[in-house]
Amino acid sequence: MFISFLSLDFLLFATAITLFVAATRGRLREYGFLAANIGFIYAVVGPFGVASVFFFCLFGWLLTRAYVSGSNQGAILVIGLFVAAFIYLRDYEFLGLVLPDTVRLSFLSTIGLSFLLFRILHVMIDARAKMIDRIEPLTYANYLLAFTTFMMGPIQRYPDFRDQWADRSRAIAMNFEKHLDAGLRILWGLVKVYVLGTFLNRFALQPSTDVLSLSATELWGQLIGFYFYLYANFSGYCDIVIGIGSLMGVRPPENFNHPYIAQNIADFWLRQHRSLTLWLTDYVFNPLYKWALSSRMATTVPLAAGAFAAMITMFVSGIWHGTTVGFLIFGIVHGIWLVVYRVWDHLLTSRFGKKRVRQIRATWPGRAIGVALTLNATAFAFLFFQLDTPSVMALFNGIF
């Protein structure tokens, strides 16, 4: 966690902003919330971080205006420029191979840019497709910089934020029980992060661990420990911001649905970081799959279209999560798991039929096997999510 949500300063800040948003209307509410969001970001990332965020948002706004009204060729160029700016500001590790250190502005790399990238791209694409009819500048700025979702999401869609912010839809029902539930959710999130997360971190794999020195049992135990530590930490954070957002009137989307009981890898990604999965499905997987279906590969090998789209989607997911080689491998491994699962599912369905396969998977042994395989497969992928680059390279050197 980059900021202590248990601190008195944060709790007082969140309470004050919630009361301010509830008590004000119009421009005062817009500008006041924007000032609070900028102040929060400054407290978290400092002056250089604020400068990086401001440039990225302004550049994204200008490109959005060009993208919405430009030609198809221009639209591709706009997205390319924006993604290139993101890669440069994030200071990806591979940039050291192509750029001298004198032109790499690593001090501008800051948290929050990954979530800003996907929010801005979503508005770009949907506005061009006429799915977003208008973009109010102040509301849009608050949508991008909202302190509840700036650091670690969830990835909220602009129409959902705008409608709640304008009171066209309710975050929660206006009664005591729902507000009590939101408060209890904040408390449960704090317990997850500061009690369960602190406890589980003792058993979790650490970034600099010499994996080759561990026994298979030790490695498995530390991977499972990290899996549940990451879940407690991230889902606890989401509980906190969803609870605060609910009380404030702008509720972020749900992001977790018990991923540790997923019965296959596709089910896992619909339960783990759901807002990211749905974004990747809409803006990466579906367009690639549609394109692949119209290509020659779909007529010769029907499963190839889905495999191609899944691999590219998980590749994007990996490099979106982080800037090092470990995150790239994390995405590739998940792509392989998805392809393996789809091929296996196709073979089973061809052999036994959809109805029989569903019946087998609905039995308790079928469910137990599915959960165990998925848990171990995803825990293995998190090995590369956690290890730093020297540890990843040492691992591959030791293997080969």
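Residues numbered from 1 in each chain as written. Predicted model: local features only at pLDDT ≥ 70, side-chain atom pairs only at ≥ 80, totals over all residues. Heavy atoms only, no water.

We now examine helix α11 (residues 274-293). Helix geometry: α11 is bent most strongly at Thr 281, by close to 45°. Along α11, the positions that sit buried rather than exposed are Ser 275, Leu 276, Thr 277, Trp 279, Leu 280, Tyr 283, Val 284 and Ala 292. (Bend = angle between axes of the 7 residues up to and from the residue. Helix = DSSP H or I, 4+ residues; strand = E, 2+ residues; numbered from the N terminus. Buried < 20%, exposed > 50% of the residue type's maximum accessible area, 1.4 Å probe, protein only.)

To continue, consider the environment of Thr 110. Mapped onto the fold, Thr 110 is located in the loop between α4 (95-98) and α5 (113-128). On a C-alpha basis, the gap between Thr 110 and Gly 370 in space is 38 Å, while along the polypeptide they are 260 residues apart. Once residues within four sequence positions are removed from consideration, Thr 110 is found in contact with Val 45, Gly 49, Ser 52, Val 53 and Arg 90. (Contact = heavy atoms within 4.5 Å.)

Turning next to the pattern of salt bridges. For the coordinates displayed, the defined rule picks out 14 salt bridges. In this structure, the salt-bridge partner of Arg 104 is Asp 91, at a minimum N-O distance of 2.9 Å. With Arg 104 in the loop between α4 and α5 and Asp 91 in the loop between α3 (72-90) and α4, the pair connects residues that are 13 residues apart, well separated along the chain. When sorted by exposure, Arg 104 lands in the same class as Asp 91, which is buried. For Asp 133, the salt bridge goes to Arg 162, with nearest N and O atoms at 3.4 Å. (Salt bridge = Lys/Arg side-chain N within 4 Å of Asp/Glu carboxyl O.)

A pair of packed helices is characterised by two quantities: the angle between their axes and the separation of those axes. Two elements in contact, helix α14 (residues 325-352) and helix α16 (residues 364-386), have axes separated by 7 Å at closest approach and are oriented at 160°. In this view, α14 runs roughly antiparallel relative to α16, as classed from their interaxial angle. Considering the relative orientation of α14 and α16, their crossing is right-handed. Seen from α14, the contacting residues are Gly 326, Phe 327, Ile 329, Phe 330, Val 333, His 334 and Trp 337; seen from α16, they are Ala 377, Thr 378, Phe 380, Ala 381, Phe 382, Phe 384 and Phe 385. (Axes fitted to C-alpha atoms, helices over the stretch in contact; angles between N-to-C directions. Parallel < 35°, antiparallel > 145°, perpendicular 65-115°, else oblique. Left-handed = near helix turned anticlockwise from the far one by under 90°.)

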